[in-house]
Amino acid sequence: MTALTNNLALPFTGIFISLLVFLVGQWLFKKSNGFFLFQPLFFGMVAGIIILILWGKVQGTSTAYVYRHFYKPGGDIIFWFLNPATIAFAIPLFKRNDVLKKYWLDILISLVLSSVLCLFIILGASKLVGLSHSSAAAMLPQAATTAIAMPVAEAIGGNSAVTAIACIVKAVIIYALADVFIKAFRLQHSQIGLGLGLGTGGTIGSAKALQFGVLEGAMASVCVVISGIVIDLVVIPFARLFM
Amino acid sequence: MTRKDNNHKSAPILVQCAIFAGILWVASILSALCPPSFVVPTPVIGLVLLYLLLTLGVVKLEWVENLGMFLISLIGFLFVPSGIQIANDLGILQREGLQILLVILVATVALLVVTAYVTRLVIAIHKRIMGGQQHDSIN
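About the thresholds
Residues numbered from 1 in each chain as written. Chains lettered and ligands numbered in written order. Predicted model: local features only at pLDDT ≥ 70, side-chain atom pairs only at ≥ 80, totals over all residues. Heavy atoms only, no water. UniProt positions renumbered as here; feature names shortened; annotations may be inferred. Buried < 20%, exposed > 50% of the residue type's maximum accessible area, 1.4 Å probe, protein only. Helix = DSSP H or I, 4+ residues; strand = E, 2+ residues; numbered from the N terminus. Arc of directions from axis to C-beta. Contact = heavy atoms within 4.5 Å. 1 Å grid on protein atoms, 1.4 Å probe; cavity = no way out; pocket = protein on both sides within 12 Å on 5 of 7 lines; lining within 4 Å. Points joined across faces, edges and corners; volume = space filled by probe spheres on them. Nonpolar A, V, L, I, M, F, W, Y, C, P; charged D, E, K, R; others polar. Buried area = accessible area lost by both parts, 1.4 Å probe. Salt bridge = Lys/Arg side-chain N within 4 Å of Asp/Glu carboxyl O. Polar contact = N/O pair within 3.5 Å; in protein donor to acceptor, adjacent residues only side chain to side chain. Patch = residues over 30% accessible without salt bridge, like charges linked within 9 Å, V, L, I, M, F, W, Y side chains within 5 Å. Areas by Shrake-Rupley, 256 points an atom, 1.4 Å probe, with all protein chains shown as cover. Axes fitted to C-alpha atoms, helices over the stretch in contact; angles between N-to-C directions. Parallel < 35°, antiparallel > 145°, perpendicular 65-115°, else oblique. Left-handed = near helix turned anticlockwise from the far one by under 90°. Phe/Tyr/Trp six-rings, centres within 6.5 Å; stacked < 30°, edge-to-face > 60°. Core = buried A, V, L, I, M, F, W, Y, C linked by side-chain atoms within 4.5 Å. Expected span 1.5 Å × (residues − 1).

Under an unreviewed UniProt entry, the name given to chain A is Antiholin-like protein LrgB, and the source organism is Limosilactobacillus oris DSM 4864. On record in UniProt, under Subcellular location (unreviewed entry), the comment for chain A is "Membrane".

*Asks:* Looking at this model, I keep getting lost on helix α12 (residues 202-212) of chain A. Mind explaining?
*Replies:* An α-helix turns once every 3.6 residues. As a result, residues three or four positions apart point the same way. Residue and element names in this part refer to chain A. Taken residue by residue, α12 has G202, G205, S206, K208 and A209 as its buried positions. Take α12 and look down its axis: the buried residues cluster within an arc of 160°, on one side only. Exposed positions of α12 whose direction lies more than 90 degrees from the buried face are L210 and Q211. The inward-facing, buried residues of α12 contact α10 (160-184), α11 (191-199) and α13 (214-242). G213 occupies a position one or two residues after α12 and carries a positive phi of about 160°.

*Asks:* How do you make sense of the layout of surface pockets when you look at a structure like this?
*Replies:* What the largest pocket holds in volume is close to 1,000 Å³. Taken together, 46 residues form the lining of the largest pocket, with A:G202, A:T203, A:I204, B:I75 and B:G76 sitting closest to its centre. Mapped onto the lining of the largest pocket, the elements with two or more residues apiece are α2 (11-31), α3 (40-59), α10, α12 and α13 of chain A together with α3 (61-73) and α4 (75-78) of chain B. Take the lining of the largest pocket: its biggest share by element is eight residues, from α12(A). Taken together, the residues that form the lining of the largest pocket break down as 26 nonpolar, 17 polar and three charged.

*Asks:* Explanation requested: the interface of chain A and chain B in the structure shown.
*Replies:* Contact residues are listed per partner, giving 101 residues for chain A and 72 residues for chain B. At the boundary of chain A with chain B, total buried surface from both sides reaches about 7,900 Å², with 79% on carbon and sulfur atoms. If you sort the residues of chain A by the area they bury against chain B, A:I87, A:I91 and A:F94 come out on top, with a joint share of 8%. With its nearest N and O atoms 2.7 Å apart, the salt bridge here joins B:E65 to A:K95. Counting the contacts that link chain A with chain B gives eight residue pairs in polar contact (both at pLDDT 80 or more). In terms of residues, the side of chain A that touches chain B owes the most to one element, helix α7 (residues 97-129) of chain A, which gives 18 residues.

*Asks:* So what exactly am I meant to see when it comes to a nonpolar patch on the surface here?
*Replies:* Together, A:W104, A:L105, A:L108, A:I109, A:V112 and A:L113 give the surface a local cluster of nonpolar side chains, amounting to about 500 Å² of exposed area. Position of A:L113 relative to the elements: it lies in helix α7.

*Asks:* Just to check I follow, could you spell out the packing of α2(A) against α3(A) for this structure?
*Replies:* Residues and elements named next belong to chain A. Where α2 meets α3, the axes come as close as 8 Å, and the angle between the chain directions of the two elements is 130°. Of the possible angle classes, the one that applies to α2 and α3 is oblique. Relative to α3, α2 is oriented so that their crossing is right-handed. Here α2 contributes T13, I17, V21, F22, V24, G25, Q26, L28 and F29 to the contact with α3, which in turn contributes P40, L41, F43, G44, A47, G48, I51 and W55. Residues of the contact of α2 with α3, tallied by class, amount to twelve nonpolar, five polar and no charged.

*Asks:* Please explain the pattern of salt bridges as it appears in this structure.
*Replies:* If charged atoms from side chains of opposite charge come close, those side chains can pair. All names here are of chain A. Evaluated as defined, the whole model comprises four salt bridges over all chains. The shortest N-O distance in the salt bridge between R96 and D98 comes to 3.5 Å. When its relative accessible area of 48% is taken as the criterion, D98 is described as partly exposed. Among the ionic pairs, D179 bridges to K208, the shortest N-O distance being 3.3 Å.

*Asks:* Looking at this structure, I do not really get the packing of aromatic side chains. What am I missing?
*Replies:* Both the distance between ring centres and the angle between the ring planes are used here to describe each pair of aromatic rings. Residue and element names in this part refer to chain A. On inspection of all chains with the given rule, the structure shows twelve aromatic pairs over all chains. Both rings, one in F35 and one in F36, keep their centres 5.3 Å apart while their planes meet at 65°; by these two values the pair is edge-to-face. Taking relative accessible area as the criterion, F36 reaches 32% and is therefore assigned partly exposed. Consider the rings of F120 and F238, whose centres lie 5.0 Å apart with planes at 80°: the pair is edge-to-face. Of this pair, F120 sits in helix α7 while F238 sits in helix α13, placing them 118 residues apart in sequence. Since its relative accessible area comes to 4%, F238 is described here as buried.

*Asks:* Honestly, the nonpolar core in this entry has me stumped. Any pointers?
*Replies:* When a protein is soluble and globular, its nonpolar side chains tend to lie buried together. Grouped together as the largest cluster of nonpolar side chains are 122 residues, with contacts concentrated most on A:M139, A:L140, B:F20 and B:L50. The greatest single-element share of this core, amounting to 15 residues, is contributed by helix α6 (residues 91-130) of chain B. Not counting residues up to four positions away in its chain, the partners in contact with B:F20 are A:P84, A:I87, A:A88, A:I91, B:L50, B:V64, B:L67, B:G68 and B:L71.

*Asks:* What's the story with the environment of B:R128 in this structure? I'm lost.
*Replies:* All names here are of chain B. With respect to the helices, strands and loops of the structure, R128 is situated in helix α6. The class of R128 is exposed, set by a relative accessible area of 74%. As a C-alpha pair, R128 and G97 span 31 residues in sequence and 46 Å in three-dimensional space.

*Asks:* Is there a simple way to explain helix α2 (residues 42-55) of chain B in this structure?
*Replies:* All names here are of chain B. Between the first and last C-alpha of α2 there are 20 Å, a value that for 14 residues agrees with the 20 Å anticipated at 1.5 Å per step. For α2, every residue scored as buried is listed here: T42, P43, V44, I45, G46, L47, L50, Y51 and L54. Downstream of α2 by a residue or two, G57 has a phi angle that is positive, lying close to 80°.

Right, dumping it as structure tokens:
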């Protein structure tokens, strides 16, 4: 029995669970013609958590124990690959150097200004609903891509697990409701503005932006990268000043 | 790996891995040198480094492209463990899950709308300063 438990604590368990839930999500997403709650990442997250809860029930231990002892060793290995994957975003950025060279000043000023404005809005909303300090701090860097947002959240005393959830749920909302927001706020008038705005929704937002046009798509993928850097530079001083 | 493909000059996959590993290694050292009051995560530095190396022509696109695009195609899957991480503390979702969801909703709309409007404004101002002599395709 202990041999079994020991072996289950090897990384294979977490890697297999992660692949399984993600692939099931991909399959369901395709079968349901893109139902928004079946986005592979979101479905994988929910299904993975349910598996760990059930496992804990069967074994008579807490979910947190199952997570730490059986899921995390494998999960950490997959998670590590976010490091090279995030760096890889330099490649599409480099390929869009034409757009970047033309608009870099507009992009940079726009993203810095809108980041600061949004940080006030997010902090205000967090205060309004009475979030704890660690959750409120976790909300601030969510405009950045997850691999950047999580360490930034930790640096300002936030719960990085909550930040990860925020990044994932944000993508779900963008995917499901982007068209509604774009119509309601008449965002389609500025190609660059729409592109950058959708880029705050990460890779899913970028995919959406491509549906509107090449310039929008390019702007969104540029925004994913640049806003990651901007968020890192802006959020930490912001948190020190206002939290 | 697939050497017969049209990108005939692409570097062997291990060489591409080595370039990524080298950049990450340097980035992690630089990240550690940043003062604790000003955290710059390793991936941020690595991203900037790789971009600069590509733009300056030190690293050729063919040396990193296959591995990089492969990693990017996996990005959704790579996020799965970060989502499941909350299983370590499900209590937080019971305590303030609804509030968190509300703030995420507000943040999503704010980021989309504010970014789009601010950009429009900045471009309009920039255009006026430049006297409309360039930046033709901006609306």
